[in-house]
Amino acid sequence: MDKNDIATAASILLSIISIYNKKSIFTALFLPQILSHKYIHMKKNKSTIKIFGLSLLVSLVSVPSLLRALDLGVMKPAATLKYFSEKKVAFKDTIIRSGGRSMRFVCTGNDTMPVMFFIHGSPGAWSDYRDYLTDSNLLKNYYMISADRPGYNGSIGEGVATLQEQSNTLQGMFRLRRNNKPVIVVGHSYGGAVSVKFTIDNRDRISNLIMISPCLAPDVEQNIHWKRTLQKLSKTTVGEYITPAFLKKSTKEMQPLPDEVRKMEKDYALLTVPILEIHGTWDMMAPYGNLTYIEKSFPNSRVHTITFKNKNHKIVYTMPKVMIGLMMKELGEHAAEIPVNQLADNH
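This write-up is about the structure you can find in this document.

Thresholds applied
- Residues numbered from 1 in each chain as written.
- Predicted model: local features only at pLDDT ≥ 70, side-chain atom pairs only at ≥ 80, totals over all residues.
- Heavy atoms only, no water.
- Core = buried A, V, L, I, M, F, W, Y, C linked by side-chain atoms within 4.5 Å.
- Buried < 20%, exposed > 50% of the residue type's maximum accessible area, 1.4 Å probe, protein only.
- Helix = DSSP H or I, 4+ residues; strand = E, 2+ residues; numbered from the N terminus.
- Contact = heavy atoms within 4.5 Å.
- Phe/Tyr/Trp six-rings, centres within 6.5 Å; stacked < 30°, edge-to-face > 60°.
- Lys NZ or Arg CZ within 6 Å of the ring centre and 35° of its normal.
- Polar contact = N/O pair within 3.5 Å; in protein donor to acceptor, adjacent residues only side chain to side chain.
- Pairing = 2+ DSSP bridges.
- Right-handed = clockwise from strand over helix to strand, strands pointing away.
- Salt bridge = Lys/Arg side-chain N within 4 Å of Asp/Glu carboxyl O.

What follows concerns the nonpolar core. Within the largest apolar cluster, 41 residues are counted, with the highest numbers of intra-cluster contacts made by Phe105, Phe117, Ile145, Met173, Val196, Leu216 and Tyr268. When residues of this core are traced back to their parent elements, those giving at least two are β2 (101-109), β3 (115-119), β4 (143-147), β5 (183-188), α10 (190-201), β6 (206-212), α15 (257-264) and α16 (289-297). No other element matches the 6 residues that α10 contributes to this core. What Tyr268 contacts, discounting residues up to four positions off in sequence, is Val196, Ile200, Leu216, Val261, Tyr293, Ser297, Phe298 and Pro299. Core analysis: the second largest hydrophobic core is formed by 33 residues, Tyr142, Met144, Leu276 and Ile278 among them.

So, in structure tokens, the structure goes:
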């Protein structure tokens, strides 16, 4: 084994340790992200392949069973109350009927200001954006609404497979705003694809579309072979047993995504809103090719893309202050200084 193999083995050990640390469980769930640099530069030798295979086995077998016990990603009403109380931020946690379903929305901020609407990835929760909903600059300038998408957490029931159904279930958001000012839509990962469909469906009421690490390019998504393999394995007899319900819901919506996006592409020309897309170069969940696709796909929108070197899919969680600064700069609001050395490209 060479030094790269040792580094990979060390990453696996770190991931196993993370499984037993509730605060770091997210790292274990995204084990392929930890190994992204190694995976990209992997030498085709037996020892390396065996180690990478072992890492995936750890992710498939150990993580799901522990996630059931830890109830990862769910911020129930009591935990929500505690979180906002500690942050000293007023909030509204509500369930309304939307698209024929009971949907959970969490709101903070100034309800006289424009709405900033957050759409999470797959799997995910409204609380993926909790750092945004408690940011002092955003609280002053926006009324923020974050949804649990269908089937996740407070939006109980089965998940839905089509982007049209996803968009339909989120329409209730408009009933929560207190004015007719335009809405800014923010989507991460699979939520990026949902945010595009939602913006197309409501283009007369939306002023800006912001995507962070979106899964959108159909050919790119179709060719993430390790993801497609895991999706197929999750539907086998053993996979059905070890896969948690929320990951089954994720597979239900992620597997048809390439075809769903291809159906939506004909409507891209309908969009005229400015688009901001932010991506890391080491993103294995939504590879960097998504940024190139977005730059070329919206002929009537001003598309602004920002690249982060050596960053992965989790920038929405690990770099919230930087993301908020970029968003506010895009929207023309006062923003804190952005660490320029973190930016690879800005065009």
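Moving on, we come to the side chain of Lys227. Within the fold, Lys227 resides in helix α12 (residues 225-233). Residues contacting Lys227, with those up to four places away along its chain left out, are Cys215, Glu221, Met254 and Met285.

The tally for this structure, following the rule as stated, stands at 11 aromatic pairs. With 5.6 Å between their ring centres and 10 degrees between their planes, Phe174 and Phe198 make a pair best called stacked. Taken together, the residues Phe174 in the loop between α9 (163-169) and β5 and Phe198 in helix α10 connect sequence positions 24 residues apart. The residues Phe174 and Phe198 share a single accessibility class, namely buried. Aromatic ring contacts, followed pair by pair, group Tyr83, Phe84, Phe91 and Trp126 into a single cluster. The positively charged end of Arg205 is found above the aromatic ring belonging to Phe174, 3.7 Å away from the centroid.

As a further point, take the side chain of Thr108. Along the chain, Thr108 turns up in strand β2. A distance of 2.8 Å separates a polar side-chain atom of Thr108 from the backbone oxygen of Leu133. When neighbours within four sequence positions are excluded, Thr108 is seen to be in contact with Phe84, Val89, Ala90, Phe91, Leu133, Leu139, Tyr142, Tyr143 and Met144.

Checked against the element boundaries, Ser189 lands in the loop between β5 and α10. We classify Ser189 as buried; its relative accessible area is 7%. Put simply, Ser189 and Ser122 are 67 residues apart on the chain and 7.1 Å apart in space, counted from C-alpha to C-alpha. The residues contacting Ser189, other than those within four sequence positions of it, are Gly121, Ile212, Ser213, Pro214, Cys215 and His313.

Turning our attention to the pairing of strand β8 (residues 303-308). Most of β8 sits inside the fold, with 5 of its 6 residues counted as buried. Across 6 bridges, strand β7 (residues 275-280) lies against β8 in parallel orientation. Counterpart to Ile275 in the pairing with β8 is Val303. Each parallel crossover has a hand, and for β7 linked through α16 to β8 it is right-handed.

Okay, the pairing of strand β1 (residues 91-98) next. Relative to β2, β1 is paired through 8 bridges, and the arrangement is antiparallel. Each bridged residue has a counterpart across the sheet, and for Phe91 the counterpart in β2 is Thr108. Between β1 and the antiparallel strand that follows it, β2, lie 2 residues; Gly99 among them carries a positive phi value of about 60 degrees.

With respect to the helices, strands and loops of the structure, Val106 is situated in strand β2. In sequence terms Val106 and Phe91 are 15 residues apart; their C-alpha atoms lie 7.0 Å from each other. Aside from chain neighbours lying at most four places away, what touches Val106 is Phe84, Lys92, Asp93, Trp126, Leu133, Met144, Ile145 and Ser146.

A separate point is the pattern of salt bridges. Scanning the entire structure with this criterion turns up 13 salt bridges. A salt bridge links Asp93 to Arg104; its shortest N-O distance comes to 2.7 Å. Of this pair, Asp93 sits in strand β1 while Arg104 sits in strand β2; the two residues are 11 residues apart in sequence, bridging distant segments of the chain. Here Lys248 makes a salt bridge to Glu240, at a shortest N to O gap of 3.3 Å. Residue Lys248 is classed as partly exposed on the basis of its relative accessible area of 33%.

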